[in-house]
Amino acid sequence: MKPTVYLYNLRNEKGQQIEILCLTSNIACRHVYANDYGKRIGYIAEIEGYSAEDKTAVTNPFTDEMLIFKGFDQELLTNFLAMYRAAGIATIPLKAGLTPTNVNWTSVELHAELHQEHQEFLKQKQ
């Protein structure tokens, strides 16, 4: 399984920079579009057993940038994030590795969880 980064709301210069970083690192890169935000992440990440029919209606898709990492071990993730910072790519605070739990969530549910965690992190920094 080739490691893959899933990009949300990154059809911009930052997304292009991430695509180049992935290409030079032999990592697959896939954009996820708003019409798929109600589908299970397992389906988006092409995990066997997940169907496109298993979805929730999304009436107000989020616009925050978000990344999901699939197939990354700790060393690869650490190296990728170090290269990301070294390339000077602007920070994306909403990031998650694919887990046995979030694979069953929709992108909207994961976004809500990551957004809440980020808000808690910002409060603790103050």
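Attention here is on the structure that accompanies the text. (Residues numbered from 1 in each chain as written. Predicted model: local features only at pLDDT ≥ 70, side-chain atom pairs only at ≥ 80, totals over all residues. Heavy atoms only, no water.)

1. Quick look at the overall build of the protein
In terms of regular secondary structure, the protein is built from 4 helices and 4 strands. Written out in order from the N terminus, the α and β elements of the protein read β-α-β-α-β-α-β-α. Computed over C-alpha atoms, the radius of gyration of the protein comes to 14 Å, within 12% of the 14 Å expected from 2.2 N^0.38 for 126 residues, which places it in the range of a compact globule. A total of 126 residues make up the protein; the buried ones form 36% of that total. (Helix = DSSP H or I, 4+ residues; strand = E, 2+ residues; numbered from the N terminus. Rg over C-alpha atoms; globule rule 2.2 N^0.38 Å. Buried < 20%, exposed > 50% of the residue type's maximum accessible area, 1.4 Å probe, protein only.)

2. Describing the pattern of salt bridges
Evaluation of the coordinates by the stated rule reveals 4 salt bridges. Taking the shortest distance from any N to any O, the salt bridge between K39 and D36 comes out at 2.6 Å. For K39, a relative accessible area of 14% gives the class buried. For E109, the salt bridge is made with R40, and the minimal N-O distance between the two is 3.4 Å. Here E109 is found in helix α4 (residues 107-125), whereas its partner R40 is found in the loop between β2 (28-32) and α2 (41-44), with 69 residues between them in sequence. Judged by relative accessible area, R40 falls into the buried class, the value being 18%. (Salt bridge = Lys/Arg side-chain N within 4 Å of Asp/Glu carboxyl O.)

3. What to know about α4
Taking 1.5 Å per residue as the helical rise, α4 with its 19 residues ought to reach 27 Å, and the 27 Å between its terminal C-alpha atoms agrees with that figure. For α4, every residue scored as buried is listed here: S107, L110, H111 and L114. An end-on view of α4 places all buried positions within 95° of arc, on one side of the element. In α4, the exposed residues that point more than 90 degrees away from the buried face are K123 and Q124. Its buried side turned inward, α4 meets β1 (4-8), α2, β3 (66-70) and β4 (95-97). (Expected span 1.5 Å × (residues − 1). Arc of directions from axis to C-beta. Contact = heavy atoms within 4.5 Å.)

4. Topic: unusual backbone geometry
Positioned with a positive phi, N9 is a non-glycine residue whose angle comes to about 55°. Looking at the element boundaries, N9 is found in the loop between β1 and α1 (13-24). The exposure class of N9 is partly exposed, given its relative accessible area of 29%. One non-glycine residue, E46, lies in the positive phi region at around 60°. Note that E46 resides in the loop between α2 and β3. Residue E46 is classed as exposed on the basis of its relative accessible area of 58%.

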